[in-house]
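Next come the chains, spelled out residue by residue.
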Amino acid sequence: MSHAEDSMPHAKDSVSYTDEGSMSGSRQKIAELENKVVALESGRAVKDRQSNYYLAQGRGLRRIVALFDNIEDLVNENDRSQDRLQTGYYVLTRTLLWFLKNSSGIDYDDYMHMIKVLRQGADGAQGDDTAKLKTLISDWVNRELKPNPPVDSDDKNCRGFTSDACRKVRAGIRDRLEGHIVTDLSFPAFVYEKYTANADNLKEGLFKGKILLQGYKAIFTSPSSAKDVEGDGDGADVITNNQRTKQSSCGVKVKKHVAQIIKMDKVTPRSIAYVTCQVRFALSSVTSWRSVDGNFDFDYIQFWRSIVDFFEKPPGREAQRRVNKLLEWWSRKVFGRSHRGDLSNTVKANMSVNALARQRAQLDDAAFDSN
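Model, not experiment: these values are computed from the prediction.

What counts as what
Residues numbered from 1 in each chain as written. Predicted model: local features only at pLDDT ≥ 70, side-chain atom pairs only at ≥ 80, totals over all residues. Heavy atoms only, no water. Helix = DSSP H or I, 4+ residues; strand = E, 2+ residues; numbered from the N terminus. Buried < 20%, exposed > 50% of the residue type's maximum accessible area, 1.4 Å probe, protein only. Contact = heavy atoms within 4.5 Å. Areas by Shrake-Rupley, 256 points an atom, 1.4 Å probe, with all protein chains shown as cover. 1 Å grid on protein atoms, 1.4 Å probe; cavity = no way out; pocket = protein on both sides within 12 Å on 5 of 7 lines; lining within 4 Å. Points joined across faces, edges and corners; volume = space filled by probe spheres on them. Nonpolar A, V, L, I, M, F, W, Y, C, P; charged D, E, K, R; others polar. Phe/Tyr/Trp six-rings, centres within 6.5 Å; stacked < 30°, edge-to-face > 60°. Lys NZ or Arg CZ within 6 Å of the ring centre and 35° of its normal. Core = buried A, V, L, I, M, F, W, Y, C linked by side-chain atoms within 4.5 Å. Salt bridge = Lys/Arg side-chain N within 4 Å of Asp/Glu carboxyl O. pLDDT = per-residue confidence, 0-100.

As for the overall build of the protein chain
In step 1: Across its full length, the protein chain holds 16 helices and 2 strands.
In step 2: Across the 371 residues of the protein chain, 36% fall into the buried class.
In step 3: Here the contacts in the protein chain between residues at least 6 apart in sequence split such that 60% fall between residues at least 24 apart.
In step 4: Put simply, the protein chain shows about 22700 Å² of open surface, and 50% of that area lies on carbon and sulfur atoms.

Structural data, given as structure tokens:
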């Protein structure tokens, strides 16, 4: 072989170098694409977690903030003092403590996504509560009034004024059969204790109806807790008991109820209004939610507002005192009595934990002085 032939590059070596460069570039591109996929999946996972969080948080909105008002309306009207929407905005920000911070730190599209998912959570919870009470109400009415035939748990068409039992607890205080049209201006009998109102003192027994209380407990604590509504409220605190039994004997976590999830330990005016509307609907023959019951000109929006105003806009100090006392009664009935608030500072100071801390401090001071 000549020297010239030796100095010429071999075709095989040239192809090898080219293939290695091409493969190296391909591997780099594949790695970049894989990183992008990981980033996209990570971002999607974060967004999914965020959406699930908003969905769960939204489930309390119709229950304790506003049954019919949109979040956007509450936000837009928050600067109007002494207004129902302004109060709703305050309740919203107290319920969702993160709402203000998150709202101001995200762009418009993310904000609207947050609002949309919160609304989906609220709608879902309302639907779940409606379905739950549909069956429970029939059972309570049948046990309480023992109608013949009993109220059907599945067929709502037999409820309303076609059922004597449902009519008794659902009708307005001035009954439709007496020639009066039942509208949102007449409180249903079920909001009164023993389903009876004193025409000369309409506040007597108001919002103390047994079925109303059962509806509240079924939604906010559990359907099983709704079985026990008698007594003076000296029973064990529901939330405390559930916290102690977060894990059953076999180590399985106990499911939290609504009040625990939204960190609720007191009954609120808007939650009473929500449950009242839900119970009224459950007793009716209407099969789907609507703001106005066209059969009887019953406006649920106005009805909800009337109940909220009863609690949030009392005409004077004495009326406010009665409202506070009624809310205390509700909290005691639903969550049980907490005796901690009954203890004076003097009694607390002399209880063993505080007394021991004081004695240890005194011994330490005495030892220091002796040195």
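Some details on the layout of surface pockets
In step 1: Its volume calculated, the largest pocket comes out at about 920 Å³.
In step 2: Around the largest pocket, the lining comprises 33 residues; the ones closest to its centre are Tyr90, Val91, Arg94, Thr95 and Thr268.
In step 3: With 7 residues, helix α5 (residues 84-95) is the largest single contributor of residues to the lining of the largest pocket.
In step 4: Residue composition of the lining of the largest pocket, grouped by class: 16 nonpolar, 8 polar and 9 charged.

As for the packing of aromatic side chains
In step 1: Inspection of every chain in the model, using the stated rule, returns 16 aromatic pairs.
In step 2: Measuring from ring centre to ring centre gives 6.3 Å for Tyr53 and Tyr54, while their planes differ by 55°; the resulting arrangement is tilted.
In step 3: On the accessibility criterion, Tyr53 (41% relative accessible area) is partly exposed.
In step 4: Residues Phe281 and Trp289 carry aromatic rings whose centres are separated by 5.0 Å and whose planes lie at 15° to one another, so their mutual orientation is stacked.
In step 5: Given a relative accessible area of 4%, Phe281 falls into the buried group.
In step 6: Taken together, the ring pairs connect Phe68, Phe281, Trp289, Phe298, Tyr300 and Phe303 into an aromatic cluster.
In step 7: Above the plane of the ring of Phe298 lies Arg280, whose end atom (NZ or CZ) is 3.6 Å from the centre.

Remarks on the nonpolar core
In step 1: If you look at the biggest cluster of nonpolar residues, it comprises 72 residues, and the most contacted ones within it are Phe99, Phe207 and Trp330.
In step 2: Residues in contact with Phe207, not counting those within four places in the same chain, are Phe187, Val191, Leu212, Ile272, Thr276, Ile307, Phe310, Phe311, Leu326, Trp329 and Trp330.

Side note on the pattern of salt bridges
In step 1: Using the criterion set out here, one finds 10 salt bridges in the structure.
In step 2: For the salt bridge of Arg62 with Asp123, the shortest nitrogen-to-oxygen distance reads 2.5 Å. With Arg62 in helix α3 (residues 61-64) and Asp123 in helix α7 (residues 108-145), this residue pair connects regions lying 61 residues apart in the sequence.
In step 3: On the accessibility criterion, Arg62 (11% relative accessible area) is buried.
In step 4: Measuring nitrogen to oxygen at the nearest pair gives 2.8 Å for the salt bridge that ties Arg270 to Glu312. With Arg270 in helix α12 (residues 269-283) and Glu312 in helix α13 (residues 300-312), the pair connects residues that are 42 residues apart, well separated along the chain.
In step 5: Residue class for Arg270 comes out buried when judged on its relative accessible area of 2%.
In step 6: If you follow the salt bridges from partner to partner, you end up with Glu318, Arg321 and Arg322 in one network.

Topic: the confidence of the model for the protein chain
In step 1: Looking at the protein chain, pLDDT values average 78 and 72% of them are 70 or higher.
In step 2: Counting contacts from residues 172-177, a segment whose pLDDT is below 50, to residues more than four positions away or on other chains yields 20 contacts.
In step 3: Below a pLDDT of 50 lies the segment residues 232-237, which in the model reaches 14 contacts outside its immediate sequence neighbourhood of four places, other chains included.

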